[in-house]
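Tertiary structure, described
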Amino acid sequence: MADARSRPSVTDPATVARHAEYWRRNLRYLWALTAVWFLVSYGCGIIFADALNAYRLPGTGLPLGFWFAQQGAIYVFVILIFVYVWLMNRLDREFEVDEGGEA
Amino acid sequence: MTVQAWTFLLVAASFALYIGIAIWSRASSTKDFYVAGTGVSPLANGMATAADWMSAASFISMAGLISFMGYDGSVYLLGWTGGYVLLALMLAPYLRKYGAFTVPDFVGDRYYSRFARIVAVVCAIFVSFTYVAGQMRGVGIVFGRFLEVDVNVGVGIGMAIVFFYAVLGGMKGITYTQVAQYCVLIFAYLVPAIFLSILITGNPVPQLGFGGVEQASGIPLLERIEGLHRELGFASYTNGTKSTLDVFFITAALMVGTAGLPHVIIRFYTVPRVRDARISVGWALLFISLLYTTAPAVAVFARANLINSVQDVPYEQVPEWFTNWEATGLVRFDDANGDGRIQYVGPESSMTNELTVDRDIMVLANPEIANLPGWVIGLVAAGGLAAALSTAAGLLLVISSAVSHDLLKRSFRPDITEKQELLAARAAAGVAVVIAGYFGMNPPGFVAQVVAFAFGLAASSFFPAIILGIFSKRTSREGAILGMILGITFTAGYIVYFNFVRPELNNAGHWWFGISPEGIGTLGMLLNFAVTTVVSYLTPPPPPQVQVLVDLIRVPRGAGQAHELSI
């Protein structure tokens, strides 16, 4: 184990409670975003692909399920990560666990 | 200038650039060598990750594969992008906070066990070597086709270049060459795709041309292809033929495997802070998706073009690119009915198919199909080489750091100095390059197949161990070790049985629940999760200092300190 200098005060009850609440909020974001991730890829792109293929992406000849599997889901993935980054940076500041001053 | 001269010029210029970067970014410490001194900007790391990730297979083969598989090809598009969401949400920030040098480093410390570390080292080396052999082969093939050099000479040249910047610069050299390689490969991919899109749909954006109207017929492109497929007896392009369950399992194995591949994970160790690791995954996926959303468009353009330009055309009147590629053996015409015309038809047609087309030609021949100038063809060669070399370098670094850091420094020779460790790392990188080159020149017959399975192996070994290590404090050493061993053994066993022991049984009728060997990694992963969880509850919990460590990696503040606590 390293010396006490580098160990933050994880034994302080207030900090422990704050970190626990931070973690709960983090997990809530995680579940919500993962649910969207699952829905667009495995849901729209695979499980319900055949049903969605009855519809066309407006203005194109693309069956909707096929489009989700080859284009749509990928766009949503990118957006999901940037939403996650935004949410977590905000959460870090709210719970004062951000890395503001340190580089 | 001839095509050959352009190719020589562009390939030589790109190689000179990589060497220049290597000299500029020499590594002077183990921290430089393993994690580029943790000083890489998130944007640069995003580009480097994209190049690291996109291999010769993504660049050369993927669009062609999709072109022939239609909807079934979606497993690659979804599988090789969706894993980045898992990386961003569940792995990258925490592993960056932990601040290790390698993946086995984290596994060994979190599971307080030298044995766990060594299991992880063996998995990492096994996964990386199967992958790297395919990359070196790709380098040789690009050289062979575009520059008419012998494949083995091509592999040799590729080895020399990678040797130079991987041994000299370590992660630091690799990172900045990968940034350059990303720029080369994405430019080389997009230019022909844009011209092809204009040629076929009149729209300069391939992603929009994908849903556009084919100019020649005035019908929406996808409907036109569906019509041709019906007419010629091919399976539907947009519905696919694999079972839904198999598509689900293959996609999951590729996604989770992506998130568990060590050469991808270590890229996120190189940025300064936890928040940089998060955003850098976003940049990486953005840069990757530029190519991955273009590929399915290229696939349909190529499909339409191929059918339109050869089906029922008299052999005497085929386009010039057809004749050029016939010389390489990648296109073969066998006039079965002797009418002098090419019948290109599917399995459900009453006629006999007379044309065999190698899927790789779809990307390689694009510039010629679109009548683009010679420099674009040279650019595609340089792009293919950039894709193969960047991935090879990332994998070689995983192998060398597993040997010098995890086996020597952290397991068997903890007393070596930093200077000796750095020397060992360079030596291990050198040896790994030579072995990879050997496999590239003498590929075991099963390399191509095994590369696809590397994902299943990574999914069933690393992924559960890392996820549970972060999200469950109760996960114990015994659980993780047993889970990794059973997961990878089950997956490898299933793959070996159906591919090498009883290949005649390798069909949906004999697979468990209809899951193909490509998708079995998902089941292996579930097995790993189950075993790890059950065994963890039956064995003593991790010691208190490990629980403190888990608490620390869950909050961003204080990056770079966490791993010092565990020693």
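As shown above, the structure is provided for reference.
Here is a short report on the structure shown in this document. (Residues numbered from 1 in each chain as written. Chains lettered and ligands numbered in written order. Predicted model: local features only at pLDDT ≥ 70, side-chain atom pairs only at ≥ 80, totals over all residues. Heavy atoms only, no water.)

**Some points on the overall build of chain B**
Of regular secondary structure, chain B possesses 23 helices and 2 strands. Its C-alpha atoms give chain B a radius of gyration of 24 Å, within 12% of the compact-globule value 24 Å for 567 residues. Along the first, second and third principal axes, the C-alpha atoms of chain B reach 80 × 55 × 40 Å. Counting only contacts in chain B whose residues sit at least 6 apart along the sequence, the fraction spanning at least 24 positions is 81%. Here chain B displays about 19000 Å² of accessible surface, and carbon together with sulfur accounts for 64% of that area. For chain B, the centre of its 32 positive side-chain charges and the centre of its 34 negative side-chain charges are spaced 18 Å apart. (Helix = DSSP H or I, 4+ residues; strand = E, 2+ residues; numbered from the N terminus. Rg over C-alpha atoms; globule rule 2.2 N^0.38 Å. Contact = heavy atoms within 4.5 Å. Areas by Shrake-Rupley, 256 points an atom, 1.4 Å probe, with all protein chains shown as cover. Lys, Arg positive; Asp, Glu negative; His and termini not counted. Charge placed at Lys NZ, Arg CZ, Asp CG, Glu CD.)

**Overview of the packing of helix 4 (residues 56–69) of chain B against helix 5 (residues 74–98) of chain B**
Residues and elements named next belong to chain B. For the pair helix 4 and helix 5, interaxial distance at closest approach is 9 Å and the crossing angle is 140°. As far as their axial angle goes, helix 5 and helix 4 are oblique. Of the residues in helix 5, those in contact with Met62, Leu65, Ile66 and Met69 of helix 4 are Tyr76, Leu77 and Trp80. Across the contact of helix 4 with helix 5, the residue classes break down as 7 nonpolar, no polar and no charged. (Axes fitted to C-alpha atoms, helices over the stretch in contact; angles between N-to-C directions. Parallel < 35°, antiparallel > 145°, perpendicular 65-115°, else oblique. Nonpolar A, V, L, I, M, F, W, Y, C, P; charged D, E, K, R; others polar.)

**Observations concerning the nonpolar core**
All names here are of chain B. Ranked by internal contacts, the top residues of the largest apolar core, which has 224 residues, are Trp53, Tyr84 and Tyr292. Per-element accounting of this core gives the leading share, 22 residues, to helix 8 (residues 151–201). Excluding residues within four positions of it along the chain, Trp53 makes contact with Trp80, Tyr84, Tyr131, Thr258, Leu261, His263, Val264, Ile288, Tyr292, Thr391 and Phe455. Formed by 9 residues, the second largest nonpolar core is a distinct cluster that contains Phe453, Phe498, Trp511 and Ile515. (Core = buried A, V, L, I, M, F, W, Y, C linked by side-chain atoms within 4.5 Å. Buried < 20%, exposed > 50% of the residue type's maximum accessible area, 1.4 Å probe, protein only.)

**Describing the interface of chain B and chain A**
Taken together, the contact between chain B and chain A spans 61 residues of the former and 55 residues of the latter. Interface of chain B and chain A: buried area, both sides summed, is about 5100 Å²; carbon and sulfur atoms make up 69% of it. Counting every contact that joins chain B to chain A gives 3 salt bridges. Across the pair Asp92 of chain A and Arg278 of chain B runs a salt bridge, and its minimum N-O distance is 2.9 Å. (Buried area = accessible area lost by both parts, 1.4 Å probe. Salt bridge = Lys/Arg side-chain N within 4 Å of Asp/Glu carboxyl O.)

**Concerning the side chain of Asn53 of chain A**
Examined against the element boundaries, Asn53 of chain A turns out to sit in the loop between helix 2 (49–52) and helix 3 (64–94). The exposure class assigned to Asn53 of chain A is buried, which follows from its relative accessible area of 10%. Engagement of the side chain of Asn53 of chain A in a polar contact is seen with the side chain of Asn239 of chain B, the distance being 3.1 Å. Ignoring any residue separated from it by four or fewer positions in sequence, one finds Asn53 of chain A in contact with Pro63, Leu64, Gly65 and Phe66 of chain A together with Thr238 and Asn239 of chain B. (Polar contact = N/O pair within 3.5 Å; in protein donor to acceptor, adjacent residues only side chain to side chain.)

**A closer look at helix 20 (residues 477–501) of chain B**
The terminal C-alpha atoms of helix 20 of chain B, which comprises 25 residues, lie 33 Å apart, in line with the 36 Å expected from a rise of 1.5 Å per residue. Residues of helix 20 of chain B that are buried include every one of Gly479, Ala480, Ile481, Gly483, Met484, Gly487, Ile488, Thr491, Tyr494, Ile495, Phe498 and Asn499 of chain B, and no others. (Expected span 1.5 Å × (residues − 1).)

**Digging into the environment of Ile470 of chain B**
As for its placement among the helices and strands, Ile470 of chain B is situated in helix 19 (residues 447–471). Residues Ile470 of chain B and Ile198 of chain B lie 272 residues apart in sequence; the distance between their C-alpha atoms is 49 Å. With near-sequence residues (within four places) excluded, Ile470 of chain B lies in contact with Trp23 of chain A together with Met90, Tyr94, Phe106, Val550, Ile553 and Arg554 of chain B.

**Notes on helix 6 (residues 103–110) of chain B**
All names here are of chain B. Extensive coverage of helix 6 is indicated by the burial of 8 of its 8 residues. Those residues of helix 6 not exposed but buried are Val103, Pro104, Asp105, Phe106, Val107, Gly108, Asp109 and Arg110. Tyr112 sits one or two residues past helix 6 and shows a positive phi near 35°.

**Focus: a nonpolar patch on the surface**
Residues Val496, Tyr497, Phe500 and Val501 of chain B make up a contiguous nonpolar surface patch of about 330 Å² in total accessible area. Tracing the backbone shows Val496 of chain B in helix 20. (Patch = residues over 30% accessible without salt bridge, like charges linked within 9 Å, V, L, I, M, F, W, Y side chains within 5 Å.)

**Looking at unusual backbone geometry**
All names here are of chain B. Not every positive phi belongs to a glycine, and Ala36 is a case in point at roughly 50°. Secondary-structure assignment places Ala36 in the loop between helix 2 (30–35) and helix 3 (42–53). A positive phi angle is found at Tyr112, which is not glycine, with a value near 35°. Examined against the element boundaries, Tyr112 turns out to sit in the loop between helix 6 and helix 7 (114–147). Since its relative accessible area comes to 21%, Tyr112 is described here as partly exposed.

**Observations regarding the packing of helix 7 of chain B against helix 8 of chain B**
All names here are of chain B. Axis separation between helix 7 and helix 8 bottoms out at 7 Å; the angle between their running directions is 120°. Considering their axes alone, helix 7 and helix 8 lie oblique with respect to each other. In this structure, helix 7 crosses over helix 8, and the sense of that crossing is right-handed. Contact residues: helix 7 offers Met136, Arg137, Val139, Gly140, Ile141 and Phe143, while helix 8 offers Val151, Asn152, Gly154, Val155, Ile157, Gly158 and Met159. A breakdown of the residues in the contact of helix 7 with helix 8 according to their chemical character gives 8 nonpolar, 4 polar and 1 charged. (Left-handed = near helix turned anticlockwise from the far one by under 90°.)

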